[in-house]
Amino acid sequence: MSNAVSALQAKTYAGFAEIEEAGLRGMITLRGDLSSTKVKNAATGAASVDFPGMGECNCVDEKGVAWMSPDELLVMTPYADAQPAAEKIAKTLAKTHALVANVSDARAVFFIRGPNAREVIAKLAPVDLSPDRFKPGQFRRTRLAQVPAAFWMRDAETFELICFRSVAGYVFDLLCNAAQPGSEVGAF
Amino acid sequence: MSTRLATGGRLLNRDRALRFTFNGKQMKGFEGDTLASALLAEDQMLMGRSFKYHRPRGIVASGAEEPNGLVNLGKGGAFEPNARVTTTELFEGLTAESQNHWPSLDYDIGVVNNYAARFLPAGFYYKTFMAPRPAWKHVFEPFIRKSAGLGKAPKDRDADTYEHFYAFTDLLIIGGGIAGLQAAKAAGEAGVKVLLLEQTSHLGGRAPVDGVEIDGALAEDWIAATQAALREMDNVTIRTRCMGAGIYDHGYVLGYERLADHAPRNDGPRHRLWRIRAKQIITATGAIERPLSFAGNDIPGVLLASAVRDYVVNYATSPGDRTVVVTNNDDAYRTAITLKEAGLDVPAIIDARPEGGGALATRAAELGIRIENGKGIAKVKGGKRVEGVALCAQAGEGAVLEEIACDAVAMSGGWSPVVHLWSHCGGKLIWDEANAHFRPDAEKAPTSHDGLPFVSVIGIANGEIDTASCLEDADSTAKSLAKALGGKPRRSSTPQAGGSDEVPMLAVWKMPQGASRKLRAKMWLDFQNDVKVSDVMLAAQEGFESVEHTKRYTTLGMATDQGKLSNINGLAVLSDALNQPIPQTGTTTFRPPYQPISMGAIAGEARADLFQPIRKTPMHDWHDAHGAYWEPVGHWRRPYCFQKPGESVEDAVAREVKATRDSLGLLDASTLGKILVKGRDAGKFLDMLYTNMMSTLKPGKCRYGLMCTENGFLTDDGVVARLDEDTWLCHTTTGGADRIHGHMEEWLQTEWWDWQVYTANVTEQYAQIGVVGPNARKVLEKLGGMDLSKEALGFMEWADGKIGEFDARVFRISFSGELSYEIAVPAAQGLAFWEALIEAGEEFGVTPYGTEALHIMRAEKGFIMIGDETDGTVIPQDLGLHWAISKKKEDYLGKRAQERSHMTDPNRWKLVGLETLDGSVLPDGAYAVSNDLSRGQNSAEYANGAEAPINENDQIVMIGRVTSTYHSPTLGKGIAMGLVEHGPDRMGEELDFPKTDGSVVKARIVNPVFYDPKGEKQNV
């Protein structure tokens, strides 16, 4: 795996919030009937977390399951585990109508850290980020300026954000620009 | 002269002096000044020249409504034209220059327009169009260009930064005057989330200037106490210097926050655009005083009465030593009293009302001010500055009774509620006869998705002129909205304010009533755009009955102030001229933004490197470091070619083609769309999407497929690979990836929702590299791993395996006609794999090639390209692709459309190859003209005397066009593809292609496959 590198290779920036490209992450797209116990178990089995509700995610470190749409989940694992995990899920669901795809390489992951991390995101995504409205455990697919993205909170001061790999540079620049010292909003 | 008073100045910090320059002249003001008040304090009343007549113009107002005080602000990257002096806060080092004059503000040549004013009437601009044609080009256009205009366009890149911010709230209050504050307090106490925006730097509005008392205390104290109470509430957010710019559907509001205009700095954005979603909106936007229309009302020194009061109370600046007040209402008496109390002279109050004013008038009389009831101003004396006024009877025609010397005039024609924001999203207005203004009609509020109102209006903006009723309105509206939003309003009582004993105003639209034509031609309505009472009357006379038409004909209200002062006066004059009541004339449409907002704020972060996202493949940086000449393809950047030092683009392309055909080329094909389609019904689904049969494809095999729209037109193409029993991988064009994925999902979700099919766009999961050329197999075998021999992996087959240490999926497909492998590896391994190929390929002279070499090689092979051979009007049958259209299938998207008569017309243009007789390259898009003169009634000469038939539209009859054209380095000549009428039946015929330079290129119709027609090279 020495040949495998993430889009920005852990680039960082320290503004009024810290921005960091999180490196490679295992990600599996699982489409299927989310009310099916088999599908649920396949996902939670691979990530060792509880099944999330609508618009939510359950993440522990690099593992997790996120609700993407009424028939789609995102299963997260350490990068090296993604391919075997995807194969295992596919095997479990061999007789079930489902699609399993390893999409680890199609994505980039970022951390946005700091007490004002909310403001960085609120400059770019049309989402209510008030502390009483967006909390750890919630998962939001939206846009970041001009590109699609999704994010959730690891804890009260840390956001984790994913986007497509091809726009990792754009997203990193966006986040850094939004975290420029002197541009704090003081809204939350 | 205007000057700084020794004491006072509510908003000033006299301990901090600030230096600034105006037209290069050093001046001094204080912290808290606006540029307007600082200029006035330096006796700089003259601010600029008017748009059309270049008349001298001074400050009229003290706020956002100011029409005249516009300056070029700053220098270089901080330059901004049309900055309003009344809303520009003074800062240390500010530089301002006046606009629209030459050679100087004091001596302006353009002022000759003023003396030629009778030749520049309403609609002058449009009338010039009717003059003899040459006059426009040689006389009017140069003249108008030179004389019209305001600020200069910035030349340098904006040095500041801007950003957006998304905010969500229960209740948004726009306006931080006493009404807005009371509403925020009532709603805040009820527990709902409140966001309050105030466009200026201070809260409280004009109540302190007007001497209002609330709950027995000075307004200033009440404001401070309320502000302190609001600061304690976590659910209330207040943003000053943040204007509510526009209200849009579903509670969407734009707020324009000016963060650094008052204090330029190096870090942080200059402006922030708040993109707000509010459940309910209250507009508490106050009112704007109207000018009176009397002759010479535009001469510097004539100000709104309220503005005079503002300058004295807020900034300790007097516009003049002797100020005549002219009014039709009681409020302006406050100005006279304020001036008198500040020790300034008020020679007279001219009140147009025959009976005069109420308690305030009595007070003014007690102060010894002369009051003239039933009188008006016949005209203002002076040029660049007021020197006096001529008194007349308001009811008369302007016979001068007396001249009164003065150096300022404070005028008041009554107050107009600021109804702009209420109106942006459809709120309607009613005409209030008593106050002669339009105010919001609560019965016809802007409504949201549920049909219920989402905007409320309070205070003076709602026509509540009186302070007590204004506060009562604010309190009750906020409480009921808070309750509806789920809050619990407190049972607190409304703050009490003493009602003042005011006599009703009198509507005065012209002063004097029976003013002569000569006087009317000097009564300004729109100061910035130079529209006078006479212009509006002329428009009415010329038949412009609609207020919207009159606006555009006269340009009334079309300037940067959008008619904040002129609209009501203008439509009153129009109504009078049309002999109809004002409500029947109506208003023009109020559109956002309320005040101009910066383009920077609208763009936000989207500028320079962040202007647009650029999609990069995993090998992007390698390409960049190796001479890539970039081409945008959708949001991707792809190398057009790789230039070596000193090499031209053409030479690089030719080198890449030759190297690939002779030995080995590498193509970064990662941008191609890759969509997984899986499920029991996936085969059936793909049979519907593609014109050919995909369900019969065997696992391990690939097939080229065509996709059409429902109308039969070719929309995308690509190679489909069957991965297993119920999984297919569909390749799309680079630009088609997202579009085709959306197309698939739309059919699955709306039409075939009961089919068991899932799709996933995995385009970015893979880096895909084309390894192309006679040595392609050798280089891969050198890396080792899976068996890629002809026997193990035949043409149009695929296999998974390892190449070297890389996880690879290898497709044996060719878009160049050469032996070719397209190899997909996980994107994270893409760069390493590419570098491994470059290293291993060294002995074969490996050559990375770009999109142009790709295009040339496919054209040499006669392969079509979506977007070149297709343009949304082309069906596969036009391109001779019958072999890719299944005859066995009952249906596919586009099948029925392709059976329509026009689609089966034998005269449709069909794909052929084109070869110029002289070996030159045909121009892209060139048309072939018919030389069959029997095809038209007449004929035309098109080039070098050649004749062609003409169709019924007088156009030369065209019989074909070039769709792709290149110089082929392989064949050493120009090759092209084109669509030609009966093309395939006319092999060997020569066609005429006229060029734009008048010459003609002759080209022969040939087979589109120029290179290796038998396909032997790709199948080795």
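Note that the structure is a prediction, hence the values are computed from the model and not measured.

(A) Fine view of the sheet that holds strand S6 (residues 72-77) of chain A. Residue and element names in this part refer to chain A. Strands sit in the order S4-S5-S6-S3-S7 across an open sheet of five strands; the sheet is antiparallel. Taken across any chain shown, the strands that pair with only one partner, and hence form the sheet edges, are strand S4 (57-60) and strand S7 (99-102). The sheet shows a mean angle of 20° between the axes of neighbouring strands, direction not considered. The pairing of strand S3 (residues 26-31) with S7 spans four bridges and is antiparallel. Along S7, the bridge assignment pairs Arg 31 with Leu 99. Across the sheet, helix H1 (residues 37-47) lies against S3, strand S5 (63-69) and S6, angled at about 20° from S6, the strand it touches most. The sheet contacts of helix H2 (residues 82-92) involve S3, S6 and S7, and relative to S3 the element is tilted by about 20°.

(B) Spotlight on unusual backbone geometry. Residues and elements named next belong to chain B. Residue Pro 512 follows Met 511 across a cis peptide bond; omega there is -5°. In this model, Pro 592 is joined to Pro 593 through a cis peptide bond whose omega is -5°. Tracing the chain through its elements places Pro 593 in the loop between helix H16 (582-585) and helix H17 (599-603). If you check the backbone angles, Thr 555 has positive phi at about 70° while not being a glycine. Within the fold, Thr 555 resides in the loop between helix H14 (547-554) and helix H15 (567-578). The backbone of Met 796 shows a phi angle near 65°, a positive value even though the residue is not glycine. Within the secondary structure layout, Met 796 lies in the loop between helix H22 (776-783) and strand S42 (798-803). Note on Met 796: 18 C-beta atoms within 10 Å, which makes it partly exposed.

(C) Quick peek at the packing of helix H13 (residues 533-541) of chain B against H14(B). All names here are of chain B. Interhelical geometry of H13 versus H14 gives an angle of 125° and a closest axis separation of 10 Å. The orientation of H13 with respect to H14, classified from their angle, is oblique. In the packing of H13 onto H14, the handedness of the crossing is right-handed. Together, Asp 535, Val 536 and Ala 539 of H13 and Thr 550, Tyr 553 and Thr 554 of H14 make up the contact between the two elements.

(D) Just the nonpolar core, in detail. Within the largest apolar cluster, 257 residues are counted, with the highest numbers of intra-cluster contacts made by A:Ile28, A:Val171, B:Ala183 and B:Ala187. Contacts of A:Val171, omitting those with residues within four sequence positions, involve A:Ala108, A:Phe110, A:Leu144, A:Val147, A:Ala149 and A:Cys163. Membership of the second largest hydrophobic core comes to 100 residues, among which are B:Met47, B:Ala361, B:Leu556 and B:Leu574.

(E) Up close: the confidence of the model for chain B. Taken residue by residue, chain B gives an average pLDDT of 94. The fraction at 70 or more is 98%. Model confidence for the complex: the whole-complex pTM is 0.94, and ipTM, which rates the interface, is 0.97.

What counts, and at which threshold
Each chain has its residues counted from 1, running along the sequence as written. Ligands are numbered from 1 and chains lettered from A, in the order in which they are written. Note on the predicted model: pLDDT of at least 70 is required for a residue's local features to be given, and 80 or more for side-chain atom pairs to be given and counted; whole-chain, interface and lining totals, by contrast, use all residues. Here the rule is simple: two strands pair whenever DSSP picks up at least two bridges between them. Each helix is a run of DSSP H or I of at least 4 residues and each strand a run of E of at least 2, with the numbering of both proceeding from the N terminus. Every axis in this analysis is a line fitted to C-alpha atoms, fitted for helices over the stretch in contact. Angles between the N-to-C directions lie between 0 and 180 degrees. Whether two residues are in contact depends on their C-beta atoms, placed from the backbone: they are in contact if these lie within 7 Å. The burial label depends on the number of other C-beta atoms within 10 Å of a residue's C-beta. Counts of 20 or more mean buried, 12 or fewer mean exposed, and intermediate counts mean partly exposed, with C-beta atoms placed from the backbone. Any angle that falls under 35 degrees is termed roughly parallel, while one over 145 is termed roughly antiparallel, one within 65 to 115 roughly perpendicular, and all others oblique. Here is the rule for handedness: rotate from the far helix to the near one, and if that takes an anticlockwise turn smaller than a right angle the crossing is left-handed, while a clockwise turn gives right-handed. Definition of nonpolar core: a set of buried Ala, Val, Leu, Ile, Met, Phe, Trp, Tyr and Cys residues joined via C-beta atoms within 7 Å. Per-residue confidence from the prediction method is given by pLDDT, with values spanning 0 to 100.

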